[in-house]
Amino acid sequence: NGQPSPQFQGMDLIAMPERLQPDWFQAFLLDPTAFRPGIVMPAYWPGGEATATHILEGQTQTQLQALWTYLTLGRSARDPVGIRSQGSRLTVAGRPLTYRGRSQVAGYRGIAVGFPQGIHYAFNAQTGALSALWRGEFISVGWQGQGSGQFNPIGRPINLPQDVAFHRLKEPDEPWPLRPRTTKEAPVNPDPLYPKRLGYRFAGYDLDADDVPTFHYQYGAVRIEDRITPEATREGALSALSKPSNPSNRSSEDAPPTGSGWRLKRTLVLTTEKQETLWLRLATGTQLSVSSAGAQVGPLQIGYNQGNAQARALAHEANDSGAEPMQELLLQLDCPVGQTTLHLSYDWNP
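The following refers to the structure shown. Residue indices begin from 1 for each chain and proceed along its sequence in written order. For this predicted model, a pLDDT threshold of at least 70 governs which residues receive local features, and a threshold of 80 or more governs which side-chain atom pairs are given and counted, while totals over whole chains, interfaces and linings are taken from all residues. Each side-chain value is worked out from all heavy atoms of the structure, with water and hydrogens disregarded.

### Description of empty space enclosed by the protein
Selection rule: Cavities and pockets were defined on a 1 Å grid built from protein atoms only: a cavity is a group of points that admits a 1.4 Å probe but offers it no way out, a pocket is an open group of points flanked by protein on both sides within 12 Å along at least five of seven lines, and a lining residue is one with an atom within 4 Å of any such point. Grid points are joined across faces, edges and corners, and a volume is the space filled by probe spheres set on the points. Numbering goes from the N terminus for both helices and strands, where a helix is a DSSP run of H or I of at least four residues and a strand is a run of E of at least two.
Tallied over the entire structure, the rule returns one cavity of 30 Å³ or more. Together, Ala129, Leu130, Leu160, Pro161, Asp163, Val164, Ala165, Arg266, Leu280, Arg281, Leu282 and Tyr346 line the largest cavity. Of all the secondary structure elements, the ones that give two or more residues to the lining of the largest cavity are strand 5 (129–135) and strand 14 (276–285). Ranked by residue count, the leading element in the lining of the largest cavity is strand 14, at three residues.

Encoded structure:
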């Protein structure tokens, strides 16, 4: 109706009755490939039977006549529901919320997890990386294009690397294997098997009784369970004692939680049948310092209960003259036979 499509571009459907006969229109919809072999248009009435049986009692001829009648309304026709894709905000109420879709902060197989306390994260299931953290409101979502929808954090995220999270370094100075990048000039992925080639395999996730997800994946023969929950900081615990609050009972008139007084607690359980040494790449940045108990990467504080952490120069990063050199934070984990449990914490200023 004179407006650009939010998805694929094509001829204006409203103009069809001006140039087509209704009998030809119906015959085309019944069997598009008979007119144009190889056309990508699906057959919604295969063999003359309607696939949308809930519309007009599934009567094929009635559905086709209704479509033609709608198009003959011309410029006065109202937009069908969904033709103008509008983004929506997902709000986390009394229980955690998990949303899957594409995202700039989590790749094509991104998973966003929001908590009622107002602290959230994104996980890249394609590479096994915790890829973003943020506070405040959860995400805005949209369903443009094909496949799953998309999401973007509403709050300002702290972005973490989206390359494979675990790796076996043959030498301490071996460069980290980075995911292939595509550009407008080079849109074809040069290494589509990048995660699989490095031994990574995603095995899905499950939700516990509180709707908190645990991700399951493997690096080679090492099986990993990855669970993240909110944890009150000392300031948050003191605030809760002085003024009790329950996010699940928050009224609609209350201001949304800001995440202040909370951090994210991450528990990884690594299971192996032989002794292994793995490296976990936690973050990259220009302002990075390491101690025995944790690391500081810009505003982000990362704590860990075990492992040997080190900050090293990012070998792949080309810096402009005068710019601070980029570094990466790596945590070396020596895993004996059986289970190894790693506890991490993520805390940052609002």
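The discussion continues.
### Re the layout of surface pockets
In this model, the second largest pocket occupies a volume close to 790 Å³. Among the secondary structure elements, those contributing two or more residues to the lining of the second largest pocket are strand 2 (97–103), strand 3 (107–114), strand 7 (150–153), helix 4 (194–197) and strand 10 (200–207).

### Some words on helix 3 (residues 60–71)
We count it as follows: What a helix should span is 1.5 Å times the count of its residues minus one. The classification of residues rests on relative accessible area computed with a 1.4 Å probe and restricted to protein chains. Under 20% of the type maximum is buried, over 50% is exposed, and intermediate values are partly exposed. Comment: arc refers to directions from the helix axis out to C-beta atoms.
If you check helix 3, its first and last C-alpha atoms are 17 Å apart, about what 12 residues at 1.5 Å a residue would give, namely 16 Å. Every buried residue of helix 3 is listed here: Thr60, Gln63, Leu64, Trp68 and Leu71. Looking straight down helix 3, one finds that the buried residues subtend no more than 135° of arc, so they occupy a single side.

### Brief notes about the side chain of Glu276
Inclusion rule: Any pair of nitrogen or oxygen atoms within 3.5 Å is treated as a polar contact; in protein, a donor-acceptor pairing is required on top of that, and neighbouring residues in sequence qualify only through side-chain atoms on both sides. Contact definition: two residues touch when any of their heavy atoms are within 4.5 Å.
Summarising the element assignment, Glu276 is placed in strand 14. For Glu276, the side chain forms a polar contact with the side chain of Arg168, separated by 3.1 Å. Residue contacts for Glu276: discarding those within four places in its chain leaves Arg168, Val222, Leu333, Asp334 and Cys335.

### Considering the environment of Tyr219
If you trace the backbone, Tyr219 turns up in strand 11 (residues 213–219). Given a relative accessible area of 1%, Tyr219 falls into the buried group. Not counting the four nearest positions on each side in its chain, Tyr219 is found in contact with Thr127, Gly128, Val164, Ala165, Phe166, Arg168, Leu198, Gly199, Tyr200 and Ile224.

### Concerning the sheet that holds strand 12 (residues 222–232)
In a beta sheet, neighbouring strands pair by backbone hydrogen bonds and run either parallel or antiparallel. The condition is simple: Pairing between strands requires that DSSP locate at least two bridges from one strand to the other. To get an axis, a line is fitted to the C-alpha atoms, and for a helix only the part in contact is used. The angle between two axes follows their N-to-C directions and goes from 0 to 180 degrees.
Strand order in the open sheet formed by eight strands is 10-11-12-13-20-17-16-15, and the pairing between neighbours is antiparallel. Only two strands of the sheet have a single neighbouring strand rather than two, namely strand 10 and strand 15 (288–290). Going from strand to strand, the sheet's axes swing by 20° on average, the running direction of each strand aside. Both strand 13 (residues 262–272) and strand 20 (residues 338–348) contribute to a ladder of nine bridges, which runs antiparallel. Considered in strand 20, the bridge of Thr271 is made with Gln339.

### Some details on the packing of helix 1 (residues 22–30) against helix 3
Applied cut-off: An angle counts as roughly parallel when it lies under 35 degrees, as roughly antiparallel when it exceeds 145, as roughly perpendicular when it falls between 65 and 115, and as oblique in every other case. Here is the rule for handedness: rotate from the far helix to the near one, and if that takes an anticlockwise turn smaller than a right angle the crossing is left-handed, while a clockwise turn gives right-handed. Each residue receives one of three labels: charged for Asp, Glu, Lys and Arg, nonpolar for Ala, Val, Leu, Ile, Met, Phe, Trp, Tyr, Cys and Pro, and polar for the others, Gly being one of them.
At a minimum axis distance of 10 Å, the contact between helix 1 and helix 3 shows a crossing angle of 125°. Classified by the interaxial angle, the pair formed by helix 1 and helix 3 is oblique. Seen along the crossing, helix 1 lies across helix 3 with a hand that is right-handed. Seen from helix 1, the contacting residues are Pro22, Phe25, Gln26, Leu29 and Leu30; seen from helix 3, they are Thr60, Gln61, Leu64, Gln65, Leu67, Trp68 and Leu71. Split by residue class, the contact of helix 1 with helix 3 holds eight nonpolar, four polar and no charged.

### Some remarks on the sheet that holds strand 14
Strands sit in the order 9-14-19-18 across an open sheet of four strands; the sheet is antiparallel. Two strands in the sheet have a free side with no partner beyond their single neighbour: strand 9 (166–167) and strand 18 (308–313). The sheet contact formed by strand 18 and strand 19 (residues 327–335) spans six bridges and is antiparallel. Of the residues in strand 19, the one forming a bridge with Gln310 is Leu330.

### A look at the packing of aromatic side chains
Ring pairs (aromatic) are described by centroid distance and by the angle formed between their planes. Stated formally: By convention, a stacked pair of Phe, Tyr or Trp rings (six-membered ring in the case of Trp) has centres within 6.5 Å and planes under 30 degrees apart, an edge-to-face pair has planes over 60 apart, and any other such pair is tilted. Both a distance and an angle decide whether a charge sits over a ring: NZ of Lys or CZ of Arg must be within 6 Å of the ring centre and within 35 degrees of the ring normal.
The tally for this structure, following the rule as stated, stands at 17 aromatic pairs. When the ring of Phe123 is compared with that of Phe215, the centres are 4.3 Å apart and the planes differ by 5°; the resulting orientation is stacked. Taken together, the residues span a long stretch of sequence, with Phe123 in strand 4 (residues 119–124) and Phe215 in strand 11 at a distance of 92 residues. The buried category is assigned to Phe123, whose relative accessible area is 1%. With centroids separated by 5.3 Å and ring planes inclined at 45°, the aromatic side chains of Tyr200 and Tyr219 adopt a geometry described as tilted. Separated by 19 residues along the polypeptide, Tyr200 in strand 10 and Tyr219 in strand 11 bring together distant segments of the chain. Of the residues examined, Tyr200 reaches a relative accessible area of 5% and is grouped as buried. Site record: aromatic cluster; members linked through ring pairs are Phe123, Phe166, Tyr200, Phe202, Tyr205, Phe215, Tyr217 and Tyr219. Above the plane of the ring of Trp348 lies Arg135, whose end atom (NZ or CZ) is 4.2 Å from the centre.

### With respect to the environment of Gly285
Inspection of the secondary structure assignment puts Gly285 in strand 14. Taking relative accessible area as the criterion, Gly285 reaches 11% and is therefore assigned buried. Between the C-alpha atoms of Gly285 and Leu160, which are 125 residues apart in sequence, the distance is 9.1 Å. Excluding its chain neighbours within four sequence positions, the residues that come into contact with Gly285 are Val297, Pro325, Met326 and Gln327.

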